[in-house]
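Residue-level structure breakdown
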Amino acid sequence: MKLDTQTINALADRLENCQLKQQDTPKITDDHPDMDWDDAYAIQNEIRRRKLAQGRTVVGLKAGLTSHAKMKQMGVNTPVFGFMTDDYVVADGGECKVSELIHPKVEPEIAFVTKAELRGPGCHIGTVLAATDFVMPGIEVIDSRYRDFKFDLKSVVADNTSAARFVVGGQPMSVNDCDLRTVGVVLEKNGIPVAFGAGAAVMGHPAAAIAALANLLAERGECIPAGTLILSGGITEAVAVQAGDNITLRVQGMGSTSIRFV
Ligand code: OOG
Ligand code: MG
């Protein structure tokens, strides 16, 4: 750790306020170029602690920057991990208020729901598939608190990996009934297909992103409990949205899920 507790708390405060007031901020490594990974996750943990203290509950976990398309779009090269709270949930087909966000974008993802605990180190695709209850289509709404989505990895980890809203839906599927590498996804904006991909875009297999999360949590003595929803990361580049946009994600064999921006 390079930052003291007071600085960690101040940075968590700054990022939390940006989220609450829909204001952006320059990336925090501009002021703290020496901060390390532990500092970055400590800031994210402080944001989580504050939300829990305000009565929020954690309803899911997320992996991000797990596909080449996303890494290239954001100019980074390592996956990152964050959490989602109950106020981030949008019902399938439901509304998301753009006025509550800064500059939202959507990502097509495969959501996993676990039926057994996943505890690293050493988790791999096999352990993840054995522990998965089902998978389903998920649209993540990301909203970096950083100006123009310009950040480096430590800054984005501190900002809870841009997490803002998400929707899951469609037809839950057993991982035994599909090949998650070749499963196709189509993201539609106002009825027009705008992004396409296959599951393998995420680390060769979306389950590899879940394994990486379990192995990272193990370094802190944490695990992924049974019954956890996890977003495995955007398969394509993120797509900017504005009020009036209708977004639908279709995943091969898993139906579709939608969200309306108002
Ligand atoms: C960081 C979050 C990325 C994903 O699925 O790749 C992410 C960002 O691009 O703002 O959630
Ligand atoms: Mg995402």
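Above this text is the structure in question.
Below is a short write-up of the structure. The model shown is predicted, which means the values in this text are computed figures rather than measured ones. Each chain carries its own residue numbering, running from 1 in the direction its sequence is written. Written order decides the labels, with chains lettered from A and ligands numbered from 1. Only residues with pLDDT of at least 70 are given local features in this predicted model, and only at 80 or more are side-chain atom pairs given and counted; all residues enter the totals for whole chains, interfaces and linings. Heavy atoms throughout the structure, all of them, feed into the side-chain values; hydrogens and water do not.

A word on the overall build of the chain. A count of helices and strands for the chain gives six helices and 12 strands. For this measure, only C-alpha atoms enter the radius of gyration; the expected value for a globule follows 2.2 Å times N^0.38, where N is the number of residues. What you see for the chain is a C-alpha radius of gyration of 17 Å, in line with the 18 Å of a compact globule of 262 residues. The principal-axis extents of the C-alpha atoms in the chain amount to approximately 50 × 45 × 35 Å. Residue burial in the chain is summarised as follows: out of 262 residues, 54% are buried. Put simply, 76% of the contacts in the chain that link residues at least 6 apart link residues at least 24 apart. Of the accessible surface of the chain, which amounts to about 10700 Å², a share of 50% is contributed by carbon and sulfur atoms. All tallies of charge rest on Lys and Arg as positive and Asp and Glu as negative; His and the ends of each chain are not included. Charge placement uses NZ in Lys and CZ in Arg. For Asp and Glu, CG and CD serve respectively. Across the chain, the 26 positively charged side chains and the 32 negatively charged ones have centroids separated by 2 Å. Only runs of H or I of at least four residues qualify as helices and only runs of E of at least two qualify as strands under DSSP, and these elements are numbered from the N terminus. Working definition: with a 1.4 Å probe on protein chains only, accessible area under 20% of the residue-type maximum means buried, over 50% means exposed, and in between means partly exposed. Only heavy atoms matter for contacts: two residues are in contact if any of them lie within 4.5 Å across the pair. Method for areas: the Shrake-Rupley scheme with a 1.4 Å probe, in which residue coverage is limited to the protein chains shown.

All of the protein donors around the magnesium ion (ligand 2) are E107 (OE), E109 (OE) and E140 (OE); their distances to the metal are 2.0 to 2.1 Å. A donor here means an N, O or S atom no more than 2.8 Å from the metal, or no more than 3.2 Å when the metal is Na, K or Ca. Since water is not included, a site may seem to lack partners. Binding-site remark: the magnesium ion (ligand 2) is held by donors from one chain whose sequence spacing is E-x1-E-x30-E.

What follows concerns helix α1 (residues 5-21). Multiply 1.5 Å by the residue count of a helix minus one, and that product is the helix's expected span. For α1, built from 17 residues, the straight-helix expectation of 24 Å at 1.5 Å per residue is met to within 8% by its first-to-last C-alpha distance of 24 Å. Packing partners of the buried residues in α1 comprise α2 (37-53), α5 (153-158) and β6 (163-168). Q22 lies just past α1 and shows a positive phi near 55°.

Each Phe, Tyr or Trp ring, with Trp reduced to its six-membered ring, pairs with another whose centre is within 6.5 Å; inter-plane angles below 30 degrees give stacked pairs, above 60 give edge-to-face pairs, and intermediate values give tilted ones. Summed over all chains, the structure comprises one aromatic pair. For a ring to carry a charge above it, either NZ of a lysine or CZ of an arginine must fall within 6 Å of the ring centroid while also lying within 35 degrees of the normal to the ring plane. Stacked on the ring of F149, the Lys or Arg K105 has its end atom at 4.1 Å from the ring centre.

On to the sheet that holds strand β12 (residues 256-261). Strand pairing is defined by DSSP finding a minimum of two bridges between the two strands. Strand order in the open sheet made by the five strands is β3-β12-β11-β7-β8, with mixed pairing throughout. The sheet terminates laterally at β3 (95-96) and β8 (192-198), the two strands that pair on one side only. Strand direction decides the pairing type here: β3 and β12, joined by two bridges, are parallel. Within β12, the position partnered with E95 by the bridge is R260.

The subject of this paragraph is the environment of I125. Position of I125 relative to the elements: it lies in helix α4 (residues 125-131). Using a relative accessible area of 31% as the deciding quantity, one classes I125 as partly exposed. Remark: the alpha-carbon pair of I125 and Q19, spanning 106 residues in sequence, is separated by 34 Å.

Shape descriptors only; they carry no functional weight alone.
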